[in-house]
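# Structural features, examined
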Amino acid sequence: MNSRWIFQKLTPPFSSWISSFRVLSSAALFSSQTPKYSLNYAETSTLLSVCRREGNLRLGSSLHASVIKDLQLYNLNLPYNFLNALVVWNSVIAMYWKCGELGNALKVFDDMTVRDTISWNSIISGFLANGEFELGFGYFKEMLGSVIYRFDQASLTAVLSACDGIDYLGVCKMLHGLVTSAGYDTEITVGNALITSYFKCSCFDSGRRVFDEIMERNVITWTAVISGLVQNEFYEEGFNLFVKMRSGLVSPNYLTYLSALSSCAGLQALKEGCQIHAIVWKLGIQSDMCVESALMDMYSKCGSLDDAWRIFKLAQMTDEVSMTVLLVGFAQNGFEDEAIQIFVKMVKEGIEIDANTISAVLGVFDTGTSLGLGKQVHSLVIKKAFGANIYVNNGLINMYSKCGELEESVKVFTKMQQKNQVSWNSIIAAYARHGDGFKALLLYEEMKSQALKPTDVTFLSLLHACSHVGLVHRGMEFFDSMQKLYRITPRMEHYACVVDLLGRAGLLNEANSFIKGLPMKPNALVWQALLGACGIHGNMKMGKYAADQLAIAAPDSPVPYVLMANIYSSRGKWKERARTIRQMKEVGVAKQTGISWIEIERKIHSFVVADQMHPQSDAIYGILLLLLRHMRDEGYHMLDKMFILNYIEEAENASYM
DNA sequence: ATAGGGTTAG
């Protein structure tokens, strides 16, 4: 084979065709057998770059073969051809590494008698882009030590963009020093790469500082810093810079708008999000798939699920990303079943299921979601080899823990090679949720010994754990160290946890004065915690107070009435109970019917109170009564004694017995 | 040199 056959249908001069090759697919050039024309250097390297872009190894390697052959024919090793030959060899190297053929790329590089900076940059990028970091950085070092070859801005951006993750922070800093000492700090591409790398290495301050001190900013500089901030959850800072950018001379581009939409999603800034929607509409890019997903995400995170749904319905194309956005949108807006349905639909329709989709659907699982389905998702994880993905594993820990399989959670956690704070938070919460508060605290100690800093969520789990094993003192110590040692400002959720901690332990007065001392107005969560504690300890007086406060803080909630009614009935105050129920109906707050269910052989059986709909209803009630009699006979009187005795009495008089 | 979606408590 040689390259000439490719051009049978084309007319010379080829040079004029070169620009059209850039848009032509190489496959379109793949037809003839009759060799007519010979390719010059420029044509060869252009075609090679088309192959590189398309990953067309087949055509690329035959071009390589023809180059070798032409070298013999035309004696390209002659000195005056050297630069041209160099360009061709560099193109061959680049073509090979883009096709993943590092071995071939390296062989060409090694065989070259003369190389230039581009050859070195190409082989370095090749290794780095294919995950061979040691080799890539190794060749870069060799280049640094060379007296013949000089690195340039492209070498620097190549190694900088490989600095991805905290492990590379040291390298990144070293390169920053090199940039300055070699005088490349005025080079805009280098500055942009530095910003991006610092953000990828979680060194946000340095990234921001490079941005602040950079001489010249183009749209990429702005977008790099905005997206860096947004991807690391500094939504407000990112959005503010976007606003600042719009009042300056550099116009945002399509990628800037994507990041700006992400910031609105993170800030739940619906109004600002709508404004950006208007801008992208005006620019005519509102139907771009990425823009659509970003818009959907913004709307659903701002609570406007309807708008997200409308965009999805009207979209010409949807893919796994937009469906995942919708899935999370459903889940976070209270439509868990619909979220699961989207996942099922994706699997059935053969839509690509990636690690993001898996972790998203795992997040939908809650107490009562079918464990069987969870196991199916787990088997998909194994089948798709997502076992090393930290988000997926964290999702599995939570799924199993919420579905009641603590041991499975522990198994996933133990097997994880890489653990982050979320992994530890999840396993601590899993033990707390299953009542093993001591083990949860033990794991916290272990987490600290791994040099992982606890987060605000860690403390929620710890307080929860302490609360359930009655470790009031320990819990208060955590609450203290959270603020003093870790500089975490407590959120309302933390306050509610402390109230729960004190209240459950019977320290209702302490809980109440804790609430009085709060630096902000307590919300419904806090009052509900106090009311719940009053329920446990049967304190009607403070319970009434908490219930009244809760009814003010959450006027649409049935909870104050229901919990208060329960307190009354546990104390045998039937009249007060009836009055509370009547009051609830008068206020018009709907109490959601409690449903319990059980999954037996892939079928879910659900029950509401006094349900007689099940085909085996009689038999079920028979067993229930049997159990209750056992409880009564064994003197079980810890909880809701009156309910049980009442129920047995009623049942024994009822017609179906 | 910039690129849409994912996990934690209640």
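Preceding this section is the structure that the text describes.
A few points on the structure. (Residues numbered from 1 in each chain as written. Chains lettered and ligands numbered in written order. Predicted model: local features only at pLDDT ≥ 70, side-chain atom pairs only at ≥ 80, totals over all residues. Heavy atoms only, no water.)

## Re the overall build of chain A
Rule in force here: By the criteria applied, helices consist of DSSP H or I runs no shorter than four residues and strands consist of E runs no shorter than two, each listed in order from the N terminus. The buried label applies to any residue whose accessible area, calculated with a 1.4 Å probe on protein chains only, is under 20% of its type's maximum; exposed applies above 50%, and partly exposed to all values in between. Here a residue-residue contact requires only that any non-hydrogen atoms of the pair lie within 4.5 Å. The method behind every accessible area is Shrake-Rupley, applied with a 1.4 Å probe, and residues are considered shielded solely by the protein chains displayed.
Assigned secondary structure in chain A consists of 35 helices and two strands. In chain A, which comprises 657 residues, the proportion classed as buried is 44%. Of the contacts made within chain A by residues no fewer than 6 positions apart, 59% connect residues no fewer than 24 positions apart. As displayed, chain A offers around 35,300 Å² of accessible surface, 54% of which is attributable to carbon and sulfur atoms.

## Quick notes on helix H5 (residues 102-111)
The test is simple: Throughout, the arc means the angular range of directions from the helix axis out to the C-beta atoms.
Buried residues of H5: Leu102, Ala105, Val108 and Phe109, and no others. Buried residues of H5 fall within an arc of 130° about the axis and therefore sit on the same side. In H5, those exposed residues whose orientation departs by more than 90 degrees from the buried face are Gly103, Lys107 and Asp111.

## Digging into a negative patch on the surface
Selection rule: Each patch is built from salt-bridge-free residues with over 30% relative accessible area, joining like charges within 9 Å and nonpolar side chains (Val, Leu, Ile, Met, Phe, Trp, Tyr) within 5 Å. Here a salt bridge means any side-chain nitrogen of Lys or Arg lying within 4 Å of a carboxyl oxygen belonging to Asp or Glu. Just so you know, the count uses Lys and Arg for positive and Asp and Glu for negative, and it drops His and the chain ends. Charge placement uses NZ in Lys and CZ in Arg. For Asp and Glu, CG and CD serve respectively.
On the surface, Glu336, Asp337, Glu338 and Asp366 cluster together into a negatively charged patch. The class for Asp337 is exposed, based on a relative accessible area of 59%.

## Section: the side chain of Ser426
Basically, it comes down to this: A 3.5 Å cut-off defines polar contacts: any pair of N or O atoms within that distance qualifies, except that in protein one atom must be a possible hydrogen donor and the other a possible acceptor, and neighbouring residues in sequence count only when both atoms are side-chain atoms.
Structurally, Ser426 can be placed in helix H24 (residues 421-433). A distance of 3.3 Å separates polar atoms of two side chains, one belonging to Ser426 and the other to Asn398. Excluding residues within four positions of it along the chain, Ser426 makes contact with Asn394, Ile397 and Asn398.

## Here we look at the packing of aromatic side chains
Our working rule: Note on aromatic pairs: the rings of Phe, Tyr and Trp (six-membered ring only in Trp) are paired at centre separations within 6.5 Å, and the planes decide the class, stacked below 30 degrees, edge-to-face beyond 60, tilted for the rest.
Within this structure, the stated rule accounts for 25 aromatic pairs. Their ring planes at 45° and their centres at 6.0 Å tell us that Phe151 and Tyr184 sit as a pair that is tilted. Highlighted residues: Phe151 in the loop between helix H7 (133-145) and helix H8 (153-161) and Tyr184 in the loop between helix H9 (169-181) and helix H10 (188-200), separated in sequence by 33 residues. With 6.0 Å between their ring centres and 75° between their planes, Phe242 and Tyr257 make a pair best called edge-to-face. You can see Phe242 sitting in helix H13 (residues 235-246) and its partner Tyr257 sitting in helix H14 (residues 254-267), a full 15 residues away along the chain. The class of Tyr257 is buried, set by a relative accessible area of 6%.

## Some remarks on the protein's contact with DNA strand B
Put simply, the rule reads: When we say a residue is near a molecule or strand, we mean one of its heavy atoms is within 4 Å of it. Residue classes follow a fixed rule: Ala, Val, Leu, Ile, Met, Phe, Trp, Tyr, Cys and Pro count as nonpolar, while Asp, Glu, Lys and Arg count as charged, and any other residue, Gly among them, counts as polar.
By nearness alone, 46 residues border DNA strand B, and Lys301, Asn356, Asn394, Arg433 and His464 come closest of all. Counting only the atoms of DNA strand B within 4 Å of the protein, the fraction contributed by sugar and phosphate is 46%. Here Ser262 contributes a side-chain N or O atom positioned 3.0 Å from a phosphate oxygen of DNA strand B. Partitioned by chemical class, the residues of the surface near DNA strand B number 15 nonpolar, 22 polar and nine charged.

## Overview of unusual backbone geometry
Phi at Ala385 takes a positive value of approximately 60°, unusual for a residue other than glycine. With respect to the helices, strands and loops of the structure, Ala385 is situated in the loop between helix H21 (371-383) and helix H22 (390-402).

## A few points about the state of the cysteines
Using the following cut-off: What counts as a disulfide here is a pair of cysteine sulfur atoms lying within 2.5 Å.
Using the criterion set out here, one finds zero disulfides in the structure. Not part of a disulfide, Cys51 finds its nearest cysteine sulfur in Cys99, a span of 7.4 Å. Here Cys172 stays free of any disulfide, with the sulfur of Cys201 as its closest cysteine sulfur at 4.4 Å. Given a relative accessible area of 0%, Cys172 falls into the buried group.

## Focus on the pattern of salt bridges
Applying the stated rule across the entire model yields 14 salt bridges. A salt bridge links Arg208 to Glu237; the shortest N-O distance between them is 3.0 Å. With a gap of 29 residues between them, Arg208 in helix H11 (residues 204-213) and Glu237 in helix H13 connect regions that are remote in the sequence. Taking relative accessible area as the criterion, Glu237 reaches 33% and is therefore assigned partly exposed. A salt bridge links Glu445 to Lys448; its shortest N-O distance comes to 3.8 Å. Highlighted residues: Glu445 and Lys448, both in helix H25 (residues 437-449), separated by three residues, approximately one helical turn. The exposure class assigned to Lys448 is partly exposed, which follows from its relative accessible area of 33%. Residues participating in the shared-partner salt-bridge network are Arg208, Asp212 and Glu237.

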